[in-house]
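Topology and contacts: notes
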Amino acid sequence: MTEIARSQTSEAHGIGAPLWLLAELTYRCPLQCAYCSNPLDFAAYRDELTTGEWIDIMRQARAMGAVQLGFSGGEPLVRRDLETLVGEARRLGFYTNLITSALGLDEARIMALREAGLDHIQISLQAGDADMAAAVAGSPKAHAKKLAMARAVKAAGYPMVLNVVLHRHNIDDLDAIIALCDSLGADAVELANCQMYGWAQLNREGLLPSREQLEVAEATTARWRERLAAKGRDMRLLFVVPDYYAERPKACMGGWGAIFMTVAPDGAVLPCHSARMLPMSFPNVRERRLREIWYDSEPFNRYRGDAWMRSPCRDCDERKRDFGGCRCQAYLLTGDPAATDPVCEYSPHHGLIEAAREAASTDPRRVEQLTPRSVHESQVFCRQ
Ligand code: SF4
Ligand code: FES
């Protein structure tokens, strides 16, 4: 059967188009966050897609119906062709978002990105103060640079959108973190408790906060929402609870192969940014067309719908809402990517979540003792 004929068959079976394309331009990054979601073996993927290959991918994705395009990494600013890619994305009609540490940014580059048509920038902060930020990310200068670039992004007319990854070593400083974001003039702040993938999974017991810490942080966020409202300040605070304390499993990626597609730096096409550590082989856009990968490849079809589910998901009314939770989390915790996400209280493996919380409560590591993401031999392998 031809590619087009097969795709038409799959599309006819009710698989929607990918709405979101996450372009992981590179795994290179100047920082070494101990919670990085990049794969542990990222250094093995040296052959980055070229500018021309990325442009072809964006054209294919847009032709399939994708509308949102996130540029991430690693640190996407490492790519000197970022402005070219943003410009092409704009011409194709994507809404574009840059997800960045701000290292590699300056006023001139912000203006160049703006002229290229970039719609949105999200800058990550590691902490409310330079010492903790340096301990988490391995760079003593990064914090000041981030603050300066957050102000510059706002001065250039973008909304200031900040993302702070929370964990047991910085969550007690949440009051100061939000105060810092307020003083910077942020428009929106994502307070995202660390999720346990990649390097974060490796450091899990040293990162997971206690339930008490989490409750205090939620109360702090609620207090700040009231305070901001009282002074008429429009700064949205989004608090993301860690899966390990969530009441229900998350509907990860809106369902496997439902709306979200990631292209990794070497061209592997994944249903989520963590999937490449699963025991399955993912297709590469250097060998197959995106349309064929999305509609017809075995990995993208494996966990679509609910026919693959086992008990208890198979008989559960929630399965259309949460799709059995996260496949990557199921694999990381049970060794079986088709298992019910252990976050679910009905999972026979839910005890693993409780045990992880317990282990975290006695983990003695200070933030400096966590395993940092390895330094990349960063400048050597890009063909851009
Ligand atoms: Fe969701 Fe499965 Fe748990 Fe039901 S049993 S709530 S479908 S994860
Ligand atoms: Fe991969 Fe949830 S992170 S399916």
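Residues numbered from 1 in each chain as written. Chains lettered and ligands numbered in written order. Predicted model: local features only at pLDDT ≥ 70, side-chain atom pairs only at ≥ 80, totals over all residues. Heavy atoms only, no water.

The protein chain is annotated in an unreviewed UniProt entry as PqqA peptide cyclase from Billgrantia pellis. Quoted straight from UniProt, the Sequence similarities (unreviewed entry) entry for the protein chain says "Belongs to the radical SAM superfamily. PqqE family." UniProt's Subunit (unreviewed entry) comment on the protein chain is quoted here verbatim: "Interacts with PqqD. The interaction is necessary for activity of PqqE." (UniProt positions renumbered as here; feature names shortened; annotations may be inferred.)

On to the UniProt feature "binding site: [4Fe-4S] cluster" (unreviewed entry) in the protein chain. With numbering aligned to this structure, UniProt lists the feature "binding site: [4Fe-4S] cluster" (unreviewed entry) at C29, C33 and C36. Positionally, C29 belongs in the loop between strand 1 (20-24) and helix 2 (51-64). Using a relative accessible area of 18% as the deciding quantity, one classes C29 as buried. Every residue in contact with C29, bar those within four places of it in the chain, is listed here: G74, E75 and R373. With respect to the helices and strands, the residue C36 is situated in the loop between strand 1 and helix 2. By relative accessible area, which is 14% here, C36 ends up buried. When residues no more than four places from it in sequence are discounted, the contact partners of C36 are Y197, G198, W199, A200 and R373. (Helix = DSSP H or I, 4+ residues; strand = E, 2+ residues; numbered from the N terminus. Buried < 20%, exposed > 50% of the residue type's maximum accessible area, 1.4 Å probe, protein only. Contact = heavy atoms within 4.5 Å.)

Let us look at the pairing of strand 4 (residues 120-125). Among the 6 residues in strand 4, 6 count as buried, and that is most of the element. Along strand 4, one buried face is formed by H120, Q122 and S124 and the opposite face, lined by I121, I123 and L125, is buried too. For the segment spanning strand 3 (residues 95-100), helix 4 (residues 107-116) and strand 4, crossover handedness is right-handed. Summarising the sheet, strand 4 and strand 5 (residues 161-166) pair through 4 bridges and their orientation is parallel. (Right-handed = clockwise from strand over helix to strand, strands pointing away. Pairing = 2+ DSSP bridges.)

Note that N97 resides in strand 3. On the accessibility criterion, N97 (12% relative accessible area) is buried. At a separation of 2.7 Å, a polar atom in the side chain of N97 contacts the side chain of H120. Those residues in contact with N97 that lie beyond four places of it in its chain are L69, G70, F71, L118, H120, I121 and Q122. (Polar contact = N/O pair within 3.5 Å; in protein donor to acceptor, adjacent residues only side chain to side chain.)

The feature "domain: Radical SAM core" (unreviewed entry), as given by UniProt, occupies residues 15-231 in the numbering adopted here. Taken end to end, residues 15-231 comprises 45% helix and 16% strand; its first and last C-alpha atoms sit 47 Å apart.

So, about the nonpolar core. If you look at the biggest cluster of nonpolar residues, it comprises 94 residues, and the most contacted ones within it are F71, L162 and L191. Contacts of F71, omitting those with residues within four sequence positions, involve A23, L25, M58, P76, L82, L85, V86, A89, T96, N97, L98 and I99. (Core = buried A, V, L, I, M, F, W, Y, C linked by side-chain atoms within 4.5 Å.)

Let's shift gears to the layout of surface pockets. Empty space among the atoms becomes apparent when a probe as large as a water molecule is rolled across them. In this structure, the second largest pocket occupies an estimated 200 Å³ of space. Taken together, 15 residues line the second largest pocket, and the ones lying closest to its centre are P39, L40, G198, M277 and L332. Among the elements that make up the lining of the second largest pocket, the one with the highest residue count is helix 8 (residues 198-202) (3 residues). (1 Å grid on protein atoms, 1.4 Å probe; cavity = no way out; pocket = protein on both sides within 12 Å on 5 of 7 lines; lining within 4 Å. Points joined across faces, edges and corners; volume = space filled by probe spheres on them.)

Spatially, 9 strands are ordered 7-6-5-4-3-2-1-8-9 in an open sheet, and the strand pairing comes out mixed. What marks the edges here is a single partner per strand, and that holds for strand 7 (236-240) and strand 9 (269-270). Relative to the sheet, helix 2 contacts strand 1, strand 2 (68-72) and strand 8 (260-263), its axis offset from that of strand 1 by approximately 170°. Running over the sheet, helix 6 (residues 142-155) touches strand 4 and strand 5 and is turned about 160° from strand 4. (Axes fitted to C-alpha atoms, helices over the stretch in contact; angles between N-to-C directions.)

Judged by side-chain polarity, L19, V67 and I259 come together as a nonpolar surface patch covering roughly 200 Å² of accessible area. Residue position: I259 is located in the loop between strand 7 and strand 8. (Patch = residues over 30% accessible without salt bridge, like charges linked within 9 Å, V, L, I, M, F, W, Y side chains within 5 Å. Areas by Shrake-Rupley, 256 points an atom, 1.4 Å probe, with all protein chains shown as cover. Salt bridge = Lys/Arg side-chain N within 4 Å of Asp/Glu carboxyl O.)

Counting buried positions along strand 2 yields 4 of 5 residues, so the element is predominantly enclosed. Of the strand pairs in this sheet, strand 1 and strand 2 are connected by 5 bridges, and their pairing is parallel. Within strand 2, the position partnered with E24 by the bridge is S72. In this fold, strand 1 hands off to helix 2, which returns the chain to strand 2; that crossover is right-handed. Of the strand pairs in this sheet, strand 2 and strand 3 are connected by 4 bridges, and their pairing is parallel. The partner of G70 across the bridge, within strand 3, is N97. For the crossover that starts at strand 2, traverses helix 3 (residues 82-92) and ends in the parallel strand 3, the hand is right-handed.

Any two aromatic rings considered together are summarised by their centre-to-centre distance and by the angle between their planes. Inspection of every chain in the model, using the stated rule, returns 8 aromatic pairs. Here the aromatic rings of W20 and F260 are separated by 6.1 Å at their centres, their planes lie at 35°, and the arrangement is tilted. Pair noted here: W20 is in strand 1 and F260 is in strand 8, with a separation of 240 residues, a long-range link. Judged by relative accessible area, which is 13%, F260 ranks as buried. Grouped by ring-pair contacts, the aromatic residues Y27, F42, Y45 and W199 constitute a single cluster. (Phe/Tyr/Trp six-rings, centres within 6.5 Å; stacked < 30°, edge-to-face > 60°.)

It is worth spelling out the site of ligand 1 at this point. Neighbouring ligand 1 are the residues R248, P249, P312, C313, C316, E318, R319, D322, G324, T340, C344 and Y346. Of the residues assigned to the shell around ligand 1, the class counts are 6 nonpolar, 2 polar and 4 charged. (Near = heavy atom within 4 Å. Nonpolar A, V, L, I, M, F, W, Y, C, P; charged D, E, K, R; others polar.)

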